[in-house]
Amino acid sequence: MAEKMRFNTALLHGNMSSDEKTGATMTPIYQSSAFEHESAEKLEKVFHNTAPGFAYTRINNPTIASFEQRITRLEGGVATVATASGMAAIFNAVMNVVRCGDEVVASASIYGGTIDLFKDLESYGIKTKYVLEVTPESLDTVVTDRTRVIFAETIGNPKLNVLDIRAIADYAHARGIFFIVDNTVATPYLCRPLEFGADAVIESSSKYINGSGSAISGLITDSGKFQWDETRYPDMKPYMKMGPFAYTAKLRNALFRDTGACLAPFTAYLNSVGLETLGLRMERACYNALTLAEWFASSGLVDAVGYPGLKDSPDYELSTRQFQKGYGAMVTIRVGSKERAFSVINHLKYALKVSNIGDSKTLVIHPESTIFCHGTEEGNRNAGVYPDLIRISVGIEDVEDLIEDFKQALQCEKKF
Ligand SMILES: *Cc1c(COP(=O)(O)O)cnc(C)c1O
């Protein structure tokens, strides 16, 4: 029956049950560091995963577990580990399968923080190589027998280029490589990467899943389908007896708990509340984004518009094939110069100037001077970041108000 639920119904009823003890309709916030058991024997069993239960919130907690189960259902995986941030999710997801001497291959147009993280990992002997276009042909130029992870985003942030997940999953699996997709910008509303063959999916749940910018957190959901080869992934060997749960078991029993990457129970609760309206919010935000992007394109007031839902976008055909219900809620515009970009941003009445996406409110940022300020000029260009680029995370306001606001801001002469 669970499998037959449609998207919004599943958000409300998928892996969701009222609280066992009280009947509360949401799993309450179990704000407790530890959980008592009736005997030393029982606690021993809980610690050895031979009895259900909770021991210590750094390992798991009922409020967090309830949120994780709902996400597992939504993503179509076998298990989910919720983390303190999207970055903690990426760090743990990658480090769970690599060791010193291994290589990661990543798209050059990924989130700036992820590029910074992959740079940090170099000192630990993990090298990342980048490809401009994530295609089998370009991967062939950098993949070696040391490659253990291919990492890309469903919709690149902020280039808004779209990944052909099925094609890359087939490529990775033919070579025994674990394929991780960051689905933060697309969200499960547009696409469930595990259905297209990804081995693990990352979400920064700080964004659209939380939905109102109220807390930082991340998610790692495992497909359970990767065929582990113990010569290539020797650290996975002790967990292979767990079958489809090998990846998650290793994560939860090692790096995730040992790095203390857990989120707060209160954050899991806020995310569970946000999750229930993900479909409604995305439906509206995608509609607003398309309407706004079409308006930009016809306005004559901008030099370029980035949006995969525009018919002349190079990603239109792939997006239409891969995404079920829209093209996402992120739009970029280029306005000629950094000065004009700043002027437009400063004249907007509604859009908040913040380094965030996925809020119900419209947000804008000048990526080059902020989230990509550590990048090199070449790296930034490869990531689609230019001095005159403005990134817009379109919210759920009335789109007529957004259009009026951008129109007046773009028509303003710069005042400095
Ligand atoms: C925000 C973001 C992250 C990092 O998530 P945090 O929750 O801020 O740590 C990773 N990937 C993408 C695509 C993001 O937008």
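Quick note: structure is the one above.
Residues numbered from 1 in each chain as written. Predicted model: local features only at pLDDT ≥ 70, side-chain atom pairs only at ≥ 80, totals over all residues. Heavy atoms only, no water.

**A closer look at the environment of threonine 141**
Next up, step 1: Inspection of the secondary structure puts threonine 141 in the loop between helix 6 (136-140) and strand 4 (147-153).
Next up, step 2: Reaching out from threonine 141, the side chain makes a polar contact with the backbone oxygen of serine 138 at a distance of 2.6 Å. (Helix = DSSP H or I, 4+ residues; strand = E, 2+ residues; numbered from the N terminus. Polar contact = N/O pair within 3.5 Å; in protein donor to acceptor, adjacent residues only side chain to side chain.)

**A few points about the sheet that holds strand 9 (residues 330-334)**
Next up, step 1: With mixed pairing, five strands are arranged side by side in an open sheet as 8-9-12-11-10. With one partner strand each, in any of the chains shown, strand 8 (304-306) and strand 10 (352-353) form the two edges of the open sheet.
Next up, step 2: Pairing analysis gives three bridges linking strand 11 (residues 363-365) to strand 12 (residues 389-393), with the strands arranged antiparallel. Of the residues in strand 12, the one forming a bridge with isoleucine 365 is arginine 391.
Next up, step 3: Set on the sheet, helix 14 (residues 338-347) makes contact with strand 10, strand 11 and strand 12; between it and strand 12 the angle comes to about 30°. (Pairing = 2+ DSSP bridges. Contact = heavy atoms within 4.5 Å. Axes fitted to C-alpha atoms, helices over the stretch in contact; angles between N-to-C directions.)

**Comments concerning the nonpolar core**
Next up, step 1: Counting 51 residues, the largest nonpolar core has Leu139, Phe179 and Leu278 as its most contacted members.
Next up, step 2: The set of elements that each furnish at least two residues to this core consists of helix 1 (7-13), helix 3 (62-75), strand 4, helix 7 (165-174), strand 5 (178-182), helix 8 (187-190), helix 11 (265-275) and helix 12 (278-299).
Next up, step 3: Dropping the residues within four chain positions of it, phenylalanine 179 is found in contact with Ile150, Leu163, Ile165, Ile168, Ala169, Ala172, Gly197, Ala198, Asp199 and Ala200.
Next up, step 4: Formed by 34 residues, the second largest nonpolar core is a distinct cluster that contains Ile90, Val98, Ala106 and Ile220. (Core = buried A, V, L, I, M, F, W, Y, C linked by side-chain atoms within 4.5 Å. Buried < 20%, exposed > 50% of the residue type's maximum accessible area, 1.4 Å probe, protein only.)

**Overview of empty space enclosed by the protein**
Next up, step 1: Enumeration according to the criterion identifies four cavities of 30 Å³ or more in this entry.
Next up, step 2: When its volume is computed, the largest cavity comes out at roughly 60 Å³.
Next up, step 3: What lines the largest cavity is Asn96, Val97, Val98, Arg99, Asp102, Arg232, Tyr233, Pro234, Asp235, Met236 and Lys250.
Next up, step 4: Looking at the lining of the largest cavity residue by residue, the class counts come to five nonpolar, one polar and five charged.
Next up, step 5: Here the second largest cavity defines a volume of roughly 50 Å³.
Next up, step 6: Along the walls of the second largest cavity sit Tyr208, Gly211, Arg281, Met282, Ala285, Gly358, Asp359, Ser360, Val394, Gly395 and Ile396, which together make up its complete lining. (1 Å grid on protein atoms, 1.4 Å probe; cavity = no way out; pocket = protein on both sides within 12 Å on 5 of 7 lines; lining within 4 Å. Points joined across faces, edges and corners; volume = space filled by probe spheres on them. Nonpolar A, V, L, I, M, F, W, Y, C, P; charged D, E, K, R; others polar.)

**Re the packing of helix 3 against helix 11**
Next up, step 1: One can describe the packing of helix 3 onto helix 11 by two numbers: an axis separation of 8 Å at closest approach and a directional angle of 35°. Read as a crossing pair, helix 3 and helix 11 show a hand that is left-handed. Touching Thr63, Ile64, Phe67, Arg70, Ile71 and Leu74 of helix 3 are Pro265, Ala268, Tyr269, Asn271, Ser272 and Leu275, all from helix 11.
Next up, step 2: A breakdown of the residues in the contact of helix 3 with helix 11 according to their chemical character gives eight nonpolar, three polar and one charged. (Left-handed = near helix turned anticlockwise from the far one by under 90°.)

**Describing the site of the ligand**
Next up, step 1: Near the ligand you find 15 residues, and of these Gly86, Asp182, Ser204, Ser206 and Lys207 are the closest.
Next up, step 2: A distance of 2.9 Å separates an oxygen atom of the ligand from a polar atom in the backbone of methionine 87.
Next up, step 3: Here the ligand has 380 Å² of accessible area as a free molecule, and 93% of this is covered by the chains.
Next up, step 4: No other element matches helix 4 (residues 86-95), which puts three residues into the shell around the ligand.
Next up, step 5: Of the residues contributing to the shell around the ligand, the split by class is five nonpolar, seven polar and three charged. (Near = heavy atom within 4 Å. Areas by Shrake-Rupley, 256 points an atom, 1.4 Å probe, with all protein chains shown as cover.)

**A look at unusual backbone geometry**
As a rule of thumb, non-glycine residues mostly have phi less than zero, and peptide bonds are mostly trans rather than cis.
Next up, step 1: Omega for the peptide link from asparagine 157 to proline 158 comes to 10°, which places this bond in the cis form.
Next up, step 2: The backbone phi angle of asparagine 49 is positive, close to 60°, even though this residue is not glycine.
Next up, step 3: With respect to the element layout, asparagine 49 can be found in the loop between helix 2 (40-47) and helix 3.
Next up, step 4: Residue classification places asparagine 49 among the exposed residues on the basis of a relative accessible area of 54%.

**Considerations on the packing of aromatic side chains**
Next up, step 1: The tally for this structure, following the rule as stated, stands at 13 aromatic pairs.
Next up, step 2: Geometrically, the ring pair formed by tryptophan 228 and tyrosine 233 is edge-to-face, given 5.2 Å between the ring centres and 85° between the ring planes. An identical accessibility class is assigned to tryptophan 228 and tyrosine 233; each is buried.
Next up, step 3: On the numbers, 5.6 Å between centres and 20° between planes, the contact of tyrosine 316 with tyrosine 327 is stacked. Linking tyrosine 316 in helix 13 (residues 316-322) with tyrosine 327 in the loop between helix 13 and strand 9, this pair joins segments that are eleven residues apart in sequence.
Next up, step 4: One aromatic cluster is present, formed by Phe178, Phe226, Trp228, Tyr233 and Tyr247 through successive ring pairs.
Next up, step 5: Over the aromatic face of phenylalanine 7 sits the side chain of lysine 325, whose NZ or CZ is 4.2 Å from the ring centroid. (Phe/Tyr/Trp six-rings, centres within 6.5 Å; stacked < 30°, edge-to-face > 60°. Lys NZ or Arg CZ within 6 Å of the ring centre and 35° of its normal.)

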